[in-house]
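Structural description and commentary
Read off the chains here:
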Amino acid sequence: MSAAPRERLTAGGVVGRLLGNTTSAIAVVLLIICVVLTLLSDRFLTPQNIYAILAQSAVVGVAAVGGTFVIITGGIDLSVGAAIGLAGMIGALVIQAGYGAEVGIIVMLAVGMLVGVVNGLSVSMLRLAPFIVTLATMGMAQGLTLESSTGKSVYDLPHAITFFGGDRIFGGLPVSVIVTVIIFIIGQFLLTGTSFGKSVFAVGGNREAARLAGIDVNRVLLIVYLLAGLCAGIAAILTVGRIGAATPTSGAGVELRVIAAIVIGGTSLFGGKGSLWGTLVGVLLIGVINNGLTLLNVDPFLVQFMQSALIFAAVLFDAVNTRRLARNRMRRT
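Residues numbered from 1 in each chain as written. Predicted model: local features only at pLDDT ≥ 70, side-chain atom pairs only at ≥ 80, totals over all residues. Heavy atoms only, no water.

Our focus in this paragraph is empty space enclosed by the protein. The tally for this structure, following the rule as stated, stands at 3 cavities of 30 Å³ or more. Considered as a void within the structure, the largest cavity measures approximately 60 Å³ in volume. If you go around the largest cavity, the residues you meet are Ala63, Gly66, Gly67, Ile71, Ile76, Asp77, Val80, Ala228, Val258, Ile259 and Ile262. Only helix H3 (47-72) and helix H12 (254-264) provide two or more residues apiece to the lining of the largest cavity. Ranked by residue count, the leading element in the lining of the largest cavity is H3, at 4 residues. Here the residues of the lining of the largest cavity are counted per class, giving 8 nonpolar, 2 polar and 1 charged. (1 Å grid on protein atoms, 1.4 Å probe; cavity = no way out; pocket = protein on both sides within 12 Å on 5 of 7 lines; lining within 4 Å. Points joined across faces, edges and corners; volume = space filled by probe spheres on them. Helix = DSSP H or I, 4+ residues; strand = E, 2+ residues; numbered from the N terminus. Nonpolar A, V, L, I, M, F, W, Y, C, P; charged D, E, K, R; others polar.)

Structure (structure tokens):
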């Protein structure tokens, strides 16, 4: 019996496979942008600038880990930036009051988790829409930040805080990058190596089917928003440590970059699909673009436009690719 003929690998087939894997496609885009920026600026491909990109991407990277879990379940978290600002400010005020850096760090984590618990309980138990809930908690967190700080920044924080966000080790590698890598590794293990991770995908794919299969949907939703809050607390430590102060506007706009990185990395806003590897590539892509625009002296007001355009392009790509794969499945059947 003769063997089945091997499929010929054509240029079209290579492109088709590439488009079928969002992470690979975005990685190629990232590589192309890096090459272009290297040609346009002799400062781009230097160790100092590479470290700067990684350090600037750390806060978004950590927050995006928790956000990926949320979006895979079909939810959204608009409050992450405000949670970072509130956690950083309350923790800094605790330190300023003389309770020490260790207590301040614990408070930052606790405040971030508290925001996550409020979001999680509202979505899971009260059955409220994630968009509305997190929009409301974003406003509440911003208001509490301004009220607690009276609109003023908190300076002169101890080295135990600035170490995580501002120090460098191993010849210049930012400590914040090491923290980000650790968080990504832990998140990847939870998402792909545990039954909880499978439940996250199941809830995002079909919530009712997951419930009928015996999955405690409310518990899964509560945990993913709690994880997002915990990541926001860690991101607050990095933010305060990087600038050496807690400001009332810390974390402002981070939610846009977090959502952009997650969606660009291939995680579907409709839930049930996504990966942390894709999120990591999305974080790096946004970091490289922001850095490149700065090096090329592009108007900084265009950065937000670029981020929003990337979200639009990523959502469009996901919708077109999903329809294409659905048509292919129908043709096979």
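That was the structure; now back to the text.
With respect to the helices, strands and loops of the structure, Thr194 is situated in the loop between helix H8 (175-192) and helix H9 (195-205). At 2.5 Å, the side chain of Thr194 forms a polar contact with the backbone oxygen of Leu190. (Polar contact = N/O pair within 3.5 Å; in protein donor to acceptor, adjacent residues only side chain to side chain.)

As a further point, take the nonpolar core. Among the nonpolar cores identified, the biggest contains 86 residues, and Phe69, Ile84, Ile161, Val200 and Val224 are the most heavily contacted of them. Broken down by element, the residue count for this core peaks at 15 residues, all from helix H11 (residues 217-243). Not counting chain neighbours up to four residues away, the residues in contact with Ile84 comprise Val59, Ala63, Ala232, Ala235, Ala236, Thr239, Ser250, Gly251 and Val254. (Core = buried A, V, L, I, M, F, W, Y, C linked by side-chain atoms within 4.5 Å. Buried < 20%, exposed > 50% of the residue type's maximum accessible area, 1.4 Å probe, protein only. Contact = heavy atoms within 4.5 Å.)

Once that is clear, we can look at the confidence of the model for the protein chain. Residues with a pLDDT of 70 or more make up 93% of the protein chain, whose mean pLDDT is 89. When the elements of the protein chain are averaged for pLDDT, helix H1 (residues 11-20) gives the smallest value, 51, and helix H5 (residues 101-124) the largest, 97. Confidence drops under pLDDT 50 across residues 1-5; counting only partners more than four residues distant or on other chains, this segment forms 0 contacts. (pLDDT = per-residue confidence, 0-100.)

The final tally for this structure, using the stated rule, is 1 salt bridge. Linking Glu208 and Arg211 is a salt bridge whose minimum nitrogen-to-oxygen distance equals 3.0 Å. Placement of both Glu208 and Arg211 in helix H10 (residues 207-212) is noted, with a separation of 3 residues, approximately one turn of the helix. With a relative accessible area of 43%, Glu208 lands in the partly exposed category. The exposure class assigned to Arg211 is partly exposed, which follows from its relative accessible area of 36%. (Salt bridge = Lys/Arg side-chain N within 4 Å of Asp/Glu carboxyl O.)

Turning our eyes to something else, we now look at the environment of Ser199. Along the chain, Ser199 turns up in helix H9. Distance in space between the C-alpha atoms of Ser199 and Val220 is 7.1 Å, their sequence separation being 21 residues. Those residues in contact with Ser199 that sit more than four places away from it in its chain are Ile215 and Val220.

A positive phi is found at Arg127, a non-glycine position, where the angle reads about 60°. Within the element layout of this structure, Arg127 appears in the loop between H5 and helix H6 (130-149). With phi around 55°, Asp156 is a residue other than glycine that occupies positive phi space. You can see Asp156 is positioned in the loop between H6 and helix H7 (159-166).

For the rest of this paragraph, the subject is the environment of Val258. Mapped onto the secondary structure, Val258 falls in helix H12. With 25 residues separating them along the chain, Val258 and Gly233 place their C-alpha atoms 15 Å apart. Ignoring anything within four residues of it in the chain, the contact list for Val258 reads Val60, Ala63 and Ala64.

Turning our attention to the packing of H5 against H7. At a minimum axis distance of 8 Å, the contact between H5 and H7 shows a crossing angle of 55°. By the angle class used here, H5 and H7 are oblique. Each of Ala101, Ile105 and Met108 in H5 lies in contact with H7, whose residues at this interface are Ala160, Ile161 and Phe164. Considered class by class, the residues forming the contact of H5 with H7 number 6 nonpolar, no polar and no charged. (Axes fitted to C-alpha atoms, helices over the stretch in contact; angles between N-to-C directions. Parallel < 35°, antiparallel > 145°, perpendicular 65-115°, else oblique.)

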